[in-house]
Amino acid sequence: MRGMRVSYFDTFDPVPRERLNTNTVARLDGVVSFSELLPVLEELRARYAPARLVCTLDDVNQCAYTSMHASFDDRLDYRDDGYDEKDSAAVHHADNSGAVRIAAALEDPGLRVEWAALDGTRAGTEATIAALIEANRHPERVLDDVVLIQRVPVPRDDLAIAGIPNGYFESDWDIFRNHAVVRRLAVHGYRHIGIGAAFLGFDRPTAPTMDEAHAVAADLAHLYGAAAAPEWPELAAVLATQRLLILGYAEDFTDTLDR
């Protein structure tokens, strides 16, 4: 059985279908677990510091498609300044500029979404919480077998989401709401590491204590609704066993686990 294969890209390599843009620094094929992915992320963080990294998660092709459309949001100012597409340096400059503009939009006080505004933005149900429990008990289920890793020219981990803007459909959380979630989870020690077509991924240096995990679950009840549901302690118990945290940001994320 073949293991995971890692292909590294230089900035000025051509950008064929297997890259998102010139800031795709690696492609992983045959991925089956986060235990394979996380060491590669650590290696590349050291290589590309002080830039940040973000990777794809579920459904890489759909993620790339919706990210492309999400980047056209007028609020992001992701405009095409006009450049020679055959000039690799110009293309890379444009890719960097686009990420920097998106990050600047996320920092704009007039556009920024605050945590309180996300109260119950999902109609929490037993199925919602069950899907969160399943995704966190078996996080490998939200990994495509192909993962792309993006270098993002931003100064903070929370802004790495600018490298793969997503949240295209009206019923999904858009990048501004996702960024609010990223900022809030940083309070609990989680760093955003990846985004797919339906899920957000986070890690932290160590697993939370049980008290810390219950505090995370309380914030997720604020986010997803159904705060009185009896399943939240079960999710907290799962989170207390691991560094990872997986959240669904698309309206249909519960269905994604069944595909």
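Residues numbered from 1 in each chain as written. Predicted model: local features only at pLDDT ≥ 70, side-chain atom pairs only at ≥ 80, totals over all residues. Heavy atoms only, no water.

Caption draft 1: Geometry of helix α4 (residues 126–137). When the terminal C-alpha atoms of α4 are compared, their 16 Å separation across twelve residues agrees well with the 16 Å that a helix rising 1.5 Å per residue should span. Taken residue by residue, α4 has T128, I129, A131, L132, I133, A135 and N136 as its buried positions. Packing partners of the buried residues in α4 comprise β6 (199–203), α6 (210–224), α7 (232–239), β7 (245–248) and α8 (253–256). (Helix = DSSP H or I, 4+ residues; strand = E, 2+ residues; numbered from the N terminus. Expected span 1.5 Å × (residues − 1). Buried < 20%, exposed > 50% of the residue type's maximum accessible area, 1.4 Å probe, protein only. Contact = heavy atoms within 4.5 Å.)

Caption draft 2: Spotlight on the pairing of β6. Of all the five residues making up β6, five are buried; the element is thus mostly covered by neighbouring parts of the structure. Judged by which residues are buried, β6 turns out to be covered on both faces: F199, G201 and D203 on one side and L200 and F202 on the other are all buried. Two successive antiparallel strands, strand β5 (residues 191–195) and β6, enclose a turn made up of three residues. With four bridges connecting them, β6 and β7 associate as antiparallel partners. Looking at β7, one finds that G201 is bridged to I246. (Pairing = 2+ DSSP bridges.)

Caption draft 3: Fine view of the pattern of salt bridges. Here the structure, examined in full by the defined rule, presents 17 salt bridges. Linking D203 and R243 is a salt bridge whose minimum nitrogen-to-oxygen distance equals 3.2 Å. Residue D203 is found in strand β6, and its partner R243 is found in the loop between α7 and β7; the two are separated by 40 residues along the sequence. By relative accessible area, D203 is classed as buried at 1%. Residue classification places R243 among the partly exposed residues on the basis of a relative accessible area of 33%. As a salt-bridge pair, R204 and E212 come within 3.5 Å of each other at their nearest N and O atoms. R204 gets classed as buried once you look at its relative accessible area, which sits at 9%. Judged by its relative accessible area of 35%, E212 falls in the partly exposed class. Several salt bridges converge on common partners, so that one network encompasses E42, R45, R191, D203 and R243. (Salt bridge = Lys/Arg side-chain N within 4 Å of Asp/Glu carboxyl O.)

Caption draft 4: Looking closely at the packing of helix α3 (residues 88–107) against helix α5 (residues 175–187). Running from N to C, α3 and α5 cross one another at 70 degrees; their axes reach a closest spacing of 10 Å. Classified by the interaxial angle, the pair formed by α3 and α5 is roughly perpendicular. Counting all contacts with α3, which are made through I102, A105 and L106, the residues of α5 involved are I175, F176 and H179. Residues belonging to the contact of α3 with α5 are distributed by class as follows: five nonpolar, one polar and no charged. (Axes fitted to C-alpha atoms, helices over the stretch in contact; angles between N-to-C directions. Parallel < 35°, antiparallel > 145°, perpendicular 65-115°, else oblique. Nonpolar A, V, L, I, M, F, W, Y, C, P; charged D, E, K, R; others polar.)

Caption draft 5: Looking closely at the state of the cysteines. A complete count under the given rule lists zero disulfides for this structure. C63 provides the cysteine sulfur closest to C55, a residue in no disulfide bond, and the two sulfurs are 9.4 Å apart. (Disulfide = S-S within 2.5 Å.)

Caption draft 6: Representation of α6 in the model. In a regular helix each residue adds 1.5 Å, so 15 residues correspond to 21 Å; α6 covers 20 Å between its end C-alpha atoms and thus fits that length. Taken as a whole, α6 has its buried residues at A213, V216, A217, D219, L220, A221, H222, L223 and Y224. Summarising the contacts, the buried residues of α6 are in contact with α4, α5, α7, β7 and α8. In the segment just after α6, G225 is the residue with positive phi, at about 90 degrees.

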